[in-house]
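# Working through the structure, step by step
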Amino acid sequence: MFRITEDDRAIARLAIPALGALAAEPLVALVDTAFVGRLGEVPLAAMGVVTGILGLAFFVFIALAYAGTPLIARAIGIGDRNRAAQLAGQSLFVAAVLGAAGLVLVEGAAPQLVGLMGAGPDVAPHAVSYLRIRGLGLPALLMITVGHSVYRGVGDTRTPMFISIGLSLVNLVLDPVFIFGFGWGLAGAGFASVIAQTLGGGAFSYFFLTGRTGLVLRRVRPRWKDLRELIGAGTALFVRTSAIVAALTVAVAVAARLGDTEVAAHQVAAQVYIFLSLVVDAVAIAAQNLVAGHLTTDRAAACRFSQRMLLWGLSWGVLLAAVFWLMRHDLPGWFTTDPAVTALVITLMPIVALSQPLNGLVFVLDGIMIGATEFTYMAKAMVFAATVGCLLMLMAGSISAVWWALVAMNVLRLATLYRRYRLVVM
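Residues numbered from 1 in each chain as written. Predicted model: local features only at pLDDT ≥ 70, side-chain atom pairs only at ≥ 80, totals over all residues. Heavy atoms only, no water.

The next subject is the environment of Thr-241. Inspection of the secondary structure assignment puts Thr-241 in helix α8 (residues 224–258). Between the C-alpha atom of Thr-241 and that of Ile-195, which follows or precedes it by 46 residues, the distance is 28 Å. (Helix = DSSP H or I, 4+ residues; strand = E, 2+ residues; numbered from the N terminus.)

Spelled out as structure tokens, the structure:
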């Protein structure tokens, strides 16, 4: 029987606001797409190209956020707030360097980056212009990423939630004003996003400098000891994230090879799959803080929280599986009106639904291992699982086989992560 405990309340205090912050970004993307879609096929295609480029950049940046959270939480857990403040300061320094480098790269190499994405002659000029506008927001995006990292480390997921919701509302208001009111079209959507991101980054910066995080940042200058730890953790997490991205990219490539209907059905199923992961990702964020904060001082508490969060992940997975199993015939119609695509998505929905309990365990274990700072092991395990998954996908003769290969990859992730979990946490 699932009985609510004090541990559950502690998990919920972190996970529920984290879910609000996680949901804000995809909602902004949906709003942008809806408004730009009214401008026609070319602007929408240009936005798709730039979204792909910025998506790759985001996966690089997210490693920074994941690396900082457990290191800061661990320092606070052992009572060393000065060390936590130093790590936060070094995170800001790394963010500033990466933000500046990203800005220079995007502004200087926008045509080449768009060319690598294979944009056609009609789309490319719009994509280059839009990418250069969005590139102006990269420094602020890095500050937002670090802001989430630091606040999760100190155990506050409410402040990032409010900032995320705030910048989403700014974007929502500015989009129609700039796109249609001022007649700026696609460029208007870009400027709306940049202004929203700049305000979000500014809010985090203000909170950092005024001590609202509870940490007094005495220095933001380079400190090799802290940088080495952050860069080492970030590099391992980058390898792990890159392996995930590679597997998902291979899945799209194989689906495209199978046919237009197959790749369209895969896109719909993938969007449902990603949206479903938000709930469990919020629990994984709670795991990063709670495990890191307790493992060095109270191993029994870290184990207790971990077991409870795994139960949360499994329970959410079972609930989502039941809901989407019941909706498997109706849900595809929300995303496509093409009869052939709809029929194919319906055949994939049982796989998506039945994989949810497995995913719930895998994603929470991911968060636990990040909290335990097992970065190198996670990278090796993910590369192994992704390699096997990719090989299975390349042999797939149907889109269903591609999705079963993704399930097999997550089975391997579960097996490898659980083995390490038993050694370092239990």
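Structure shown, so let's carry the discussion forward.
The full count for this structure, using the stated rule, is six salt bridges. A salt bridge links Asp-7 to Arg-304; its shortest N-O distance comes to 2.6 Å. With Asp-7 in helix α1 (residues 6–37) and Arg-304 in helix α10 (residues 299–326), this residue pair connects regions lying 297 residues apart in the sequence. Owing to a relative accessible area of 13%, Asp-7 belongs among the buried residues under this scheme. (Salt bridge = Lys/Arg side-chain N within 4 Å of Asp/Glu carboxyl O. Buried < 20%, exposed > 50% of the residue type's maximum accessible area, 1.4 Å probe, protein only.)

All right, on to the nonpolar core then. Nonpolar side chains tend to gather and get buried jointly when the protein is soluble and globular. The biggest cluster of nonpolar side chains holds 102 residues, and the ones touching the most others in it are Phe-208, Met-309, Ile-368, Met-393 and Trp-403. Sorting elements by how many residues they give to this core places helix α9 (residues 260–295) first, with 15 residues. In contact with Met-393, other than residues within four places in its own chain, are Ala-247, Val-250, Ala-251, Val-254, Arg-257, Val-402, Ala-405 and Leu-406. (Core = buried A, V, L, I, M, F, W, Y, C linked by side-chain atoms within 4.5 Å. Contact = heavy atoms within 4.5 Å.)

Here the focus is a nonpolar patch on the surface. Side chains of Leu-136, Val-173, Val-177, Phe-182, Trp-184, Phe-191, Ile-195 and Leu-199 sit close together on the surface and give an oily, nonpolar patch of about 720 Å² of accessible area. Of the residues forming the nonpolar patch, the biggest block, three residues, is contributed by helix α7 (residues 186–209). Note that Phe-182 resides in the loop between α6 (158–181) and α7. On the accessibility criterion, Phe-182 (48% relative accessible area) is partly exposed. (Patch = residues over 30% accessible without salt bridge, like charges linked within 9 Å, V, L, I, M, F, W, Y side chains within 5 Å. Areas by Shrake-Rupley, 256 points an atom, 1.4 Å probe, with all protein chains shown as cover.)

Next up on the list: empty space enclosed by the protein. One simple way to see leftover space: roll a probe sized like a water molecule over the atoms. Scanning the entire structure with this criterion turns up three cavities of 30 Å³ or more. By volume, the largest cavity amounts to about 50 Å³. In terms of lining, the largest cavity is formed by Arg-240, Asp-366, Met-378, Ala-381, Met-382, Arg-413, Thr-416 and Leu-417. Those elements giving two or more residues to the lining of the largest cavity turn out to be α13 (375–394) and α14 (399–424). Here the residues of the lining of the largest cavity are counted per class, giving four nonpolar, one polar and three charged. (1 Å grid on protein atoms, 1.4 Å probe; cavity = no way out; pocket = protein on both sides within 12 Å on 5 of 7 lines; lining within 4 Å. Points joined across faces, edges and corners; volume = space filled by probe spheres on them. Nonpolar A, V, L, I, M, F, W, Y, C, P; charged D, E, K, R; others polar.)

Quick look at the packing of aromatic side chains now. The geometry of an aromatic ring pair is captured by two quantities: the separation of the ring centres and the angle between the planes. Within the structure shown, the criterion is met by 10 aromatic pairs. Here Tyr-151 and Phe-208 contribute two aromatic rings whose centre-to-centre distance is 6.4 Å and whose plane-to-plane angle is 20°, an arrangement assigned as stacked. In this pair, Tyr-151 is assigned in helix α5 (residues 138–153) and Phe-208 in helix α7, connecting sequence segments 57 residues apart. Like Tyr-151, the residue Phe-208 is buried in the burial classification. Note on Phe-178 and Trp-184: the rings are 5.0 Å apart at their centroids and 40° apart in plane angle, and the pair reads as tilted. Judged by its relative accessible area of 9%, Phe-178 is buried. Linked through ring pairs, Phe-178, Phe-182, Trp-184 and Phe-191 together constitute an aromatic cluster. Between Arg-304 and the ring centre of Phe-305, over which it is positioned, the NZ or CZ distance is 5.5 Å. (Phe/Tyr/Trp six-rings, centres within 6.5 Å; stacked < 30°, edge-to-face > 60°. Lys NZ or Arg CZ within 6 Å of the ring centre and 35° of its normal.)

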